[in-house]
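One-letter residues, chain by chain:
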Amino acid sequence: MLSIEQIRTETEAVRAALIRRAEDDDCLDEILAMDARRRVAITEGDELRSRRNQVSREIGQARSQGGAPSDDIIAQMRKVGGQIGALEDEVRDLDARMNDAMLALPNLPDISTPDGLDETCNQVLRHWGEPAALDFEALPHWDIAEQLGIIDFQRGVKLSGSRFYTLNGYGARLERAIISWMLDLHGGEHGYTEVALPILVRREIMEGSGNLPLFAENLYHDEEDDLWLIPTAEVPVTNLHRDEILSADELPLYYVAHTPCFRREKAAAGRDTRGIKRVHQFNKVEMYKFVEPDTSFDELEKLLGNAETVCQRLGLPYRILQLCAGDISFPSAKSYDIEVWAAGSQEWLEVSSCSNCTDFQARRSNIRYRPGVGERPRFVHTLNGSGLALPRVIIAILENYQQPDGSVVIPEALRPYTGFDRIPSS
């Protein structure tokens, strides 16, 4: 969430930043108008309360001397009380309306985020590795999986509908191995604390991460209990320290979590729905950081490096994209995507998005830290990144490590976790 002070004092800068994001800036005028009326109402209420207090003191003094207030004074004070109540109601109404309007505003892109209105303006920063040189006709993962019997699309549809699937045998063991290996890598070498989290959360938790209110149609919701299935572990991790004031000594805090993720993917269509590239339920390992503001952009580079290490250890060729202002996520100020090459489908697949959300989520979730003894609390900065998303990692392994005989070789880093070095052809 942006601060009303920033909108009030840096209106044109905020307006320009929203335009960079291809967002409508008309809401700023509405917010500023409500803010101005709210401040007037608060001032008027304070003046009336001051007047009422003064009259009450005068009445008290008169009574102590045997006098009594006139009916006119009593009537005036009743009227003042009613005016104060009306102003308090107006302030509460304005607070609620302003909060709703502020929740709809995205974070502002950092100055280092390039201009551009959509994904066509994202910048490729660098490549790592060479695409697999296969001397046979490479198959897409859905054909490989069907031949190996490790992914069952038909039974997934039978159980839950379109864009669900089951993993069988070597496929299920491969996914479990990847999850365990990534958790151990991030929890060991990279210094993250592993957490196991609920996958159903309250409405305010979704609001804190920035998923509500704007993205409700892409989320699964239990209306009776008003609980929401998480689209990513970022949601509950963001709120682990909700309404807390941390000490500077506690920062930075690094967390890593594996959760299933649930997304309705209403906008997905065409070839993206083939196979397991874009599905309603998938597993993901998520990295998350709470840091001091002065270090957050350095921490973003480290976060990106942690995600890159996963790709490198798996031997998956990848490229790094810096997202333009019009393509960064709602809570992000600066983002990088990692895309791995898939030799069978001949495309780049996003497996991680690493973002610095600055103080945007911390304001929504009221997460602060105290820089020093006696100093005023400040909002922390939050960062998140996939470490990595499982379905597309599995796609890349199947397509890049496929063999002429139909088998698939397992990357060396995973073999201690899988217990096998190859998925044999049937």
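Provided above is the structure to which this section pertains.
A brief report on the enclosed structure follows. Residue positions within a chain follow its written sequence, with the count starting from 1. Per-residue local features of the predicted model are confined to residues with pLDDT of at least 70, and side-chain atom pairs are confined, for both listing and counting, to 80 or more; whole-chain, interface and lining totals are unaffected and use all residues. Think of the side-chain values as coming from all heavy atoms in the structure, minus any hydrogens and water.

Considering the packing of helix α7 (residues 170–188) against helix α10 (residues 296–314)
- Interaxial distance between α7 and α10 falls to 11 Å at its minimum, and their mutual angle equals 130 degrees. By the angle between their axes, α7 is oblique relative to α10. Crossing angle aside, the handedness with which α7 passes α10 is right-handed. Across from Trp181, Met182, Leu185 and His186 in α7, the residues of α10 making contact are Asn306, Thr309, Val310, Arg313 and Leu314.
- Basically, the charged four are Asp, Glu, Lys and Arg, the nonpolar ten are Ala, Val, Leu, Ile, Met, Phe, Trp, Tyr, Cys and Pro, and anything else, Gly included, counts as polar. Split into classes, the residues belonging to the contact of α7 with α10 amount to five nonpolar, three polar and one charged. Interaxial angle, 0 to 180 degrees, is taken between N-to-C directions of lines fitted to C-alpha atoms, where a helix line uses only the stretch in contact. Only DSSP runs of H or I with at least four residues qualify as helices, and only runs of E with at least two residues qualify as strands; both kinds are numbered from the N terminus onward. Angles below 35 degrees are treated as roughly parallel, those above 145 as roughly antiparallel, those between 65 and 115 as roughly perpendicular, and all remaining angles as oblique. Throughout, a crossing is termed right-handed when the near helix is turned clockwise from the far one, and left-handed when it is turned anticlockwise from it by less than a right angle. Any two residues having at least one pair of non-hydrogen atoms within 4.5 Å are treated as being in contact.

A word on the side chain of Asp25
- Looking at where Asp25 falls in the secondary structure, it is placed in the loop between α2 (11–20) and α3 (27–64).
- A distance of 3.0 Å separates polar atoms of two side chains, one belonging to Asp25 and the other to Arg15.
- Residues within four places of Asp25 in sequence aside, it is in contact with Arg15, Leu18 and Ile19. A 3.5 Å cut-off defines polar contacts: any pair of N or O atoms within that distance qualifies, except that in protein one atom must be a possible hydrogen donor and the other a possible acceptor, and neighbouring residues in sequence count only when both atoms are side-chain atoms.

Here's the deal with the sheet that holds strand β4 (residues 193–194)
- When DSSP finds two or more bridges between a pair of strands, those strands are recorded as paired. What the eight strands build is an open sheet, ordered β1-β11-β12-β13-β16-β10-β9-β4; its pairing is mixed. The open sheet terminates on both sides in strands that have one partner only, identified here as β1 (123–128) and β4.
- Across 10 bridges, the pairing between strand β9 (residues 253–262) and strand β10 (residues 281–291) is antiparallel. When the bridges of β10 are listed, His258 appears paired with Val285.
- Sheet strands touched by α10: β1, β9, β10, β11 (318–322), β12 (334–342), β13 (347–356) and β16 (381–389). Its angle to β16, the strand with the most contacts, is close to 5 degrees.
- Along the sheet face, helix α12 (residues 390–400) touches β10, β12, β13 and β16 and points at about 30 degrees away from the line of β12.

Let's talk about the side chain of Asn356
- Inspection of the secondary structure assignment puts Asn356 in strand β13.
- There is a polar contact of 2.9 Å between the side chain of Asn356 and the backbone nitrogen of Thr358.

Details of the sheet that holds strand β5 (residues 200–202)
- Strand order across the open sheet formed by three strands is β5-β7-β6, with antiparallel pairing between neighbours. Both outer strands of the open sheet, β5 and β6 (221–222), are each paired with one neighbouring strand and no more.
- Here β5 pairs with strand β7 (residues 227–229) via three bridges, running antiparallel. Bridge pairing links Val201 to Trp228 in β7.

Structural notes on the environment of Glu88
- Summarising the element assignment, Glu88 is placed in helix α4 (residues 71–103).
- Taking the C-alpha atoms as reference points, Glu88 and Asp359, separated by 271 residues in sequence, lie 30 Å from one another.

A word on the state of the cysteines
- Criterion for a disulfide: a pair of cysteine sulfur atoms at a distance within 2.5 Å. In total, this model carries zero disulfides according to the counting rule given.
- Left without a disulfide partner, Cys121 is nearest to the cysteine sulfur of Cys324, which lies 5.1 Å away.
- You can call Cys121 partly exposed: its relative accessible area is 32%. Buried means the residue's accessible area, taken with a 1.4 Å probe over protein chains only, is under 20% of the maximum for its type, while exposed means over 50%, and partly exposed covers the values in between.

A word on the packing of aromatic side chains
- Pairing of aromatic side chains requires ring centres within 6.5 Å, counting the rings of Phe and Tyr and the six-membered ring of Trp. Pairs whose planes differ by under 30 degrees are stacked, by over 60 edge-to-face, and all others tilted. What the rule picks out here adds up to eight aromatic pairs.
- Their ring planes at 85 degrees and their centres at 6.1 Å tell us that Tyr255 and Phe290 sit as a pair that is edge-to-face. One end of the pair, Tyr255, is in strand β9; the other, Phe290, is in strand β10, and 35 residues separate them in sequence. Phe290 carries the same exposure label as Tyr255, and that label is buried.
- Here Phe330 and Phe360 contribute two aromatic rings whose centre-to-centre distance is 5.6 Å and whose plane-to-plane angle is 80 degrees, an arrangement assigned as edge-to-face. Here the residue Phe330 occupies a position in the loop between β11 and β12, and Phe360 occupies one in helix α11 (residues 360–365), the gap between them amounting to 30 residues. An identical accessibility class is assigned to Phe330 and Phe360; each is buried.

Overview of α12
- For α12, the buried fraction is high: 11 of the 11 residues fall into the buried class.
- Along α12, the residues classified as buried are Leu390, Pro391, Arg392, Val393, Ile394, Ile395, Ala396, Ile397, Leu398, Glu399 and Asn400.

Some words on the pattern of salt bridges
- Think of a salt bridge as a Lys or Arg side-chain nitrogen and an Asp or Glu carboxyl oxygen that are within 4 Å of each other. With the rule as written, the count across this model stands at 24 salt bridges.
- We note a salt bridge from Glu204 to Arg202, for which the minimum N-O separation is 1.9 Å.
- Looking at Glu204, the relative accessible area reads 29%, which means it is partly exposed.
- Among the residues examined, Arg202 registers a relative accessible area of 43% and is labelled partly exposed.
- Taken together, the salt bridges that share partners define one network made up of Glu12, Arg15, Asp25 and Asp29.

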